[in-house]
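The residues making up each chain are set out below.
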Amino acid sequence: MVLKNSLLRSIPYFASLDEETLASIAALAVRRTYQPDEVIFLEGEPCAGLFIVDTGHVKIFKASLEGREQILTIISPRDSFNDVAVFDGGPNPASAQAMDAVELCVIERPTMVSLFDRYPKLAQAVVAILAARCRMLVGMVEDLSLRSITGRLAKLLLDQAAQGQDVVPLTRQQMAARLGTIREMVSRSLRELEDEGLVKREGRQIVITDQAALERRAAQ
Amino acid sequence: MTSPDKIMPQIDPDKCNGCELCVAGCPTGAVAMQGTLAVIARPDLCSYCANCEDICPTGAIGLPYQIVLAPQRPAT
């Protein structure tokens, strides 16, 4: 399998590079495939490099010793992960696991570091990406500390629906792991939203029937 | 977007303890035992009622949901 320049160009780090440079980076990238639920790497392991998802979805998560999981984010196609460990050279700050069949490529840290040395313009993309990651984590702190579980669930449902095409379907357990709670609380909150007429379950779908009211709920 | 009819209950073989409660609780016979593990043997029969997920004592079963906005009604 050959890594396409178009995949690299879709990643903000590489958007400003010319075709020749992209081709040389693509030649250095290692392509890997993962089965659903296969672990890609674990928190605390040495950083293998920057991972770029071509197809499938990857969950980035922290796990407690008791097996409780907090999903930090879900990576969709044409997005990268493990950026922080690439930049600071430390171990992986979280674990990564395939949610469905995943194809991705890995660019080793030394390759990334040499690119930053050669192309100072990449630094702008680095700052933008780290700022986005920081904004996402601040939002998560806000959700976990200031919003009710039903409010968090309402926000998650709206976010999922807004992503449209690339979004991966979520189980109640996975919703709980996103929201920092347990499955039973998600079930209870979902019933609450159903009783209020904001959402309804139709087979394999949760349909948002009153978006404006759900947005108000998400603020609580 | 994943086609809704392709979404199926997920059973984690590492968590399944083979208790067969999901098989007994499935109203359509979609769940069956394969050796010591529960599997969705007849996906075409699955009505997505979530009985299996609710009844599983180890949390091995999960039903993924696609989340969508209701279609907009045309302006009158």
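In the block above lies the structure referred to throughout.
Positions within a chain are numbered from 1, following the residues in the order the chain's sequence is written. Following the order in which they are written, the chains are lettered starting with A and the ligands numbered starting with 1. For this predicted model, a pLDDT threshold of at least 70 governs which residues receive local features, and a threshold of 80 or more governs which side-chain atom pairs are given and counted, while totals over whole chains, interfaces and linings are taken from all residues. Derived side-chain values reflect all non-hydrogen atoms in the structure, with water molecules and hydrogen atoms excluded from consideration.

Caption draft 1: Quick look at helix α2 (residues 19–28) of chain A. Residue and element names in this part refer to chain A. A simple rule labels every residue: compare its accessible area, found with a 1.4 Å probe on the protein chains alone, to the largest value its type can have, and call it buried under 20%, exposed over 50%, or partly exposed in between. Secondary structure is summarised from DSSP: a helix means a run of H or I of at least four residues, a strand means a run of E of at least two, and numbering begins at the N terminus for each. For α2, the complete set of buried residues consists of T21, L22, I25 and A26. Buried residues along α2 cover an arc of 140° about the axis, so they all sit on one side. Counted as exposed and oriented over 90 degrees from the buried face of α2: E20 and A27. Along its buried surface, α2 packs onto α1 (5–9), β8 (102–107) and α4 (109–118). The reported arc concerns the directions from the helix axis to the C-beta atoms and nothing else. Two residues qualify as a contact provided that any one of their heavy atoms is within 4.5 Å of a heavy atom in the partner residue.

Caption draft 2: Spotlight on the interface of chain B and chain A. On the side of chain A, 21 residues touch chain B, which itself brings 23 residues to the contact. In what follows, salt bridge is the name for a side-chain nitrogen of Lys or Arg lying within 4 Å of a carboxyl oxygen of Asp or Glu. Put simply, chain B and chain A have two salt bridges between them. With a closest N to O distance of 3.1 Å, A:R172 and B:D54 form a salt bridge. Every element with two or more residues in the side of chain B that touches chain A is listed here: α2 (51–55), β4 (61–62) and β5 (66–69) of chain B. Top element by residues in the side of chain B that touches chain A is β5(B). It accounts for four residues. Amino acids outside the nonpolar list (Ala, Val, Leu, Ile, Met, Phe, Trp, Tyr, Cys, Pro) and the charged list (Asp, Glu, Lys, Arg) are all regarded as polar, and Gly is one of them. Its residues assigned to classes, the side of chain B that touches chain A comprises 15 nonpolar, five polar and three charged.

Caption draft 3: View of the packing of helix α7 (residues 172–179) of chain A against helix α8 (residues 183–195) of chain A. All names here are of chain A. Closest axis-to-axis distance for the α7/α8 pair is 8 Å, and the angle between their directions is 100°. One way to sum up the angle between α7 and α8 is to call them roughly perpendicular. Contacts between α7 and α8 pair R172, Q173, M175, A176 and L179 from the former with R183, V186, S187 and L190 from the latter. Partitioning the contact of α7 with α8 into residue classes produces five nonpolar, two polar and two charged. The angle between two axes is taken between their N-to-C directions and runs from 0 to 180 degrees, where each axis is a line fitted to C-alpha atoms and a helix contributes only its stretch in contact. Our angle categories are set so that under 35 degrees counts as roughly parallel, over 145 as roughly antiparallel, 65 to 115 as roughly perpendicular, and the remainder as oblique.

Caption draft 4: Region of the structure containing the sheet that holds strand β3 (residues 50–55) of chain A. All names here are of chain A. By the convention used here, strands pair only if DSSP detects at least 2 bridges between them. As summarised here, the arrangement of the four strands in space is β1-β8-β3-β6, forming an open sheet in which the pairing is antiparallel. A single partner strand is all that each edge strand has here, and the edge strands are β1 (30–34) and β6 (80–81). In terms of strand pairing, β3 meets β8 through five bridges, oriented antiparallel. The residue bridging L50 from the neighbouring strand is I107, located in β8.

Caption draft 5: Local environment of the packing of helix α6 (residues 149–163) of chain A against α8(A). Residues and elements named next belong to chain A. At a minimum axis separation of 9 Å, α6 and α8 run at an interaxial angle of 75°. Of the possible angle classes, the one that applies to α6 and α8 is roughly perpendicular. Listed contacts from α8 to I149, T150, L153, A154 and L157 of α6 are M185, V186, S189, L190, E192 and L193. Grouping the amino acids of the contact of α6 with α8 by side-chain chemistry returns eight nonpolar, two polar and one charged.

Caption draft 6: Main features of unusual backbone geometry. The phi dihedral of A:N82 falls on the positive side, at around 75°, and the residue is not glycine. Note on placement: A:N82 falls in the loop between β6 and α3 (83–88). Residue B:E20 is not a glycine yet carries a positive backbone phi of 70°. Residue class for B:E20 comes out partly exposed when judged on its relative accessible area of 43%.

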